[in-house]
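What the coordinates show
Each chain, letter by letter, is given below.
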Amino acid sequence: MSKMTIQAGLVAAPALLLALALGCGKTATPDSSRIIANIGGAKLTEAEFQDIVKSLSPDAKEAQTFLTDATAREERAQLAQRIAMSRAITAYAAQTGLDQDPSVKRQLEQQQANVFFQALMKKRMANMNPTDEQLQAFYKERIEALKAQGRAQGVPPFETVKAQLPELWRQQHMQSLSDQIQNEVKQKVPVTLADDYRPAGM
């Protein structure tokens, strides 16, 4: 994991770009840190930029390295430029009235829902800490799968790869976690559809 993870996270996530453009990374407390960008009179501060970087990386150490490593200076500048440009586009859309376009509003609504869902997933995954027993069972499942494919030769022992297994375990459980969150949402916010708009199986 490196500074590239943070860059890739921003480039690959339109919903996250939307959140940054709307200022979701702003600190709740008064911010007197250095202004690093001026966007049509609006300010992007250093503290806010740091908060954004931390939100882009699941690894606190990685985020801190990105923020302080002298060799990451150009990547930091590129990220700041992307954030500033996304906010400039949002401000321009407001100036031209595009933000009031019904079609645009519908797209923003969907993107906002995606941001909320990703945040829920991230929060839940942070609390998903498998036990040693679960990791051993997961490891054995992977070994059996490799054996079935005739590829088990040379696979490192459990203790050698144990540190990497929790993340792989979480990735495997992402779909079940996604289903769990959707079920919770349906319980808290019941959704009903007309018969001719109800998907098969519902």
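**Things to note about the pattern of salt bridges**
In this structure the tally under the stated criterion is eight salt bridges. Between Arg87 and Glu48 there is a salt bridge whose closest N-O contact spans 2.6 Å. Taken together, the positions of Arg87 in helix α5 (residues 73-96) and Glu48 in helix α3 (residues 46-56) put the pair 39 residues apart, joining distant regions of the chain. The same class applies to Arg87 as to Glu48, namely buried. In this structure, Arg198 and Asp195 form a salt bridge, with 2.8 Å as the shortest nitrogen-oxygen distance. Looking at Arg198, the relative accessible area reads 36%, which means it is partly exposed. The class for Asp195 is exposed, based on a relative accessible area of 62%.

**A closer look at the nonpolar core**
A general feature of soluble globular proteins is that nonpolar side chains tend to end up buried together. Counting 14 residues, the largest nonpolar core has Leu44, Phe49, Val53, Leu79 and Ile83 as the members making the most contacts within it. Taken together, the elements giving at least two residues each to this core come down to β1 (35-39), α3, α4 (60-68) and α5. Listed in part, the 13 residues of the second largest apolar core include Phe138, Phe158, Val161 and Leu165.

**Describing the packing of aromatic side chains**
Scanning the model with the defined rule gives one aromatic pair in all. Ring geometry for Tyr139 and Phe158: centres 5.5 Å apart, planes at 75°, overall edge-to-face. On the criterion of sequence distance, the pair formed by Tyr139 in helix α7 (residues 132-148) and Phe158 in helix α8 (residues 158-161) is long-range, its members being 19 residues apart. When its relative accessible area of 15% is taken as the criterion, Tyr139 is described as buried. Taking the relative accessible area as the measure of exposure, Phe158 reaches 12% and is therefore buried.

**Points about the confidence of the model for the protein**
This prediction gives the protein a mean pLDDT of 85; 85% of its residues lie at or above 70. Taken element by element, the predicted model of the protein shows its lowest mean pLDDT in helix α1 (residues 3-11) (51) and its highest in β1 (96).

**Here's the deal with helix α10 (residues 174-188)**
Here α10 spans 21 Å end to end across 15 residues, near enough to the 21 Å set by a 1.5 Å rise per residue. Considered for burial, the residues of α10 that qualify are Leu177, Ser178 and Ile181. Buried residues of α10, viewed axially, fall in a sector of 105°; they line one side. More than 90 degrees from the buried face of α10, the exposed residues found are Gln175 and Gln187.

**Thoughts on a nonpolar patch on the surface**
On the surface, Val191, Leu193 and Tyr197 cluster together into a nonpolar patch covering about 340 Å² of accessible area. The topology assignment puts Val191 in the segment after α10.

**What about helix α6 (residues 102-126)?**
Its 25 residues place the ends of α6 36 Å apart at the C-alpha level, agreeing with the 36 Å of an ideal helix rising 1.5 Å per residue. A distance of 2.8 Å separates the backbone nitrogen of Ser103 from a side-chain oxygen at the start of α6, and that oxygen is part of Asp101.

**A word on the packing of α4 against α5**
For the pair α4 and α5, the least separation of the axes is 7 Å and the interaxial angle reads 95°. Taken as axis vectors, α4 and α5 run roughly perpendicular relative to one another. Seen from α4, the contacting residues are Phe66, Leu67 and Thr68; seen from α5, they are Glu75, Arg76 and Leu79. Looking at the contact of α4 with α5, its residues break down into three nonpolar, one polar and two charged.

Cut-offs and rules
Note on numbering: residues in each chain are counted from 1, in written sequence order. In keeping with the predicted nature of the model, local features appear solely for residues at pLDDT of at least 70, side-chain atom pairs appear and are counted solely at 80 or more, and the whole-chain, interface and lining totals rest on all residues. Side-chain calculation: all heavy atoms of the structure are included, whereas hydrogens and water are not. Take a side-chain nitrogen of Lys or Arg and a carboxyl oxygen of Asp or Glu: if they are within 4 Å of each other, that pair is a salt bridge. Only DSSP runs of H or I with at least four residues qualify as helices, and only runs of E with at least two residues qualify as strands; both kinds are numbered from the N terminus onward. Categorising residues by exposure relies on relative accessible area from a 1.4 Å probe, with only protein chains included: less than 20% of the type maximum marks a residue as buried, more than 50% marks it as exposed, and the intermediate range marks it as partly exposed. Side-chain atoms within 4.5 Å are what join buried Ala, Val, Leu, Ile, Met, Phe, Trp, Tyr and Cys residues into a set we call a nonpolar core. Pairing of aromatic rings covers Phe, Tyr and Trp, the last counted by its six-membered ring, and requires centre-to-centre distances within 6.5 Å; plane angles under 30 degrees mean stacked, over 60 mean edge-to-face, and any other angle means tilted. Predictor confidence is given residue by residue as pLDDT, running from a minimum of 0 to a maximum of 100. Multiplying 1.5 Å by the residue count of a helix minus one yields the expected span of that helix. Comment: arc refers to directions from the helix axis out to C-beta atoms. Residues enter a patch when their relative accessible area is above 30% and they make no salt bridge; the linking distance is 9 Å between like charges and 5 Å between nonpolar side chains (Val, Leu, Ile, Met, Phe, Trp, Tyr). Surface accessibility in these figures is a Shrake-Rupley result with a 1.4 Å probe; residues are shielded only by whichever protein chains are displayed. Any pair of nitrogen or oxygen atoms within 3.5 Å is treated as a polar contact; in protein, a donor-acceptor pairing is required on top of that, and neighbouring residues in sequence qualify only through side-chain atoms on both sides. Axes here refer to lines fitted to C-alpha atoms; in helices the fit is confined to the stretch in contact. Angles between the N-to-C directions go from 0 to 180 degrees. Here the angle decides the label: under 35 degrees means roughly parallel, over 145 means roughly antiparallel, 65 to 115 means roughly perpendicular, and every other value means oblique. Between two residues, a contact is recorded if the distance between any of their heavy atoms is within 4.5 Å. Under this grouping Gly is polar, as are all residues other than the nonpolar Ala, Val, Leu, Ile, Met, Phe, Trp, Tyr, Cys and Pro and the charged Asp, Glu, Lys and Arg.

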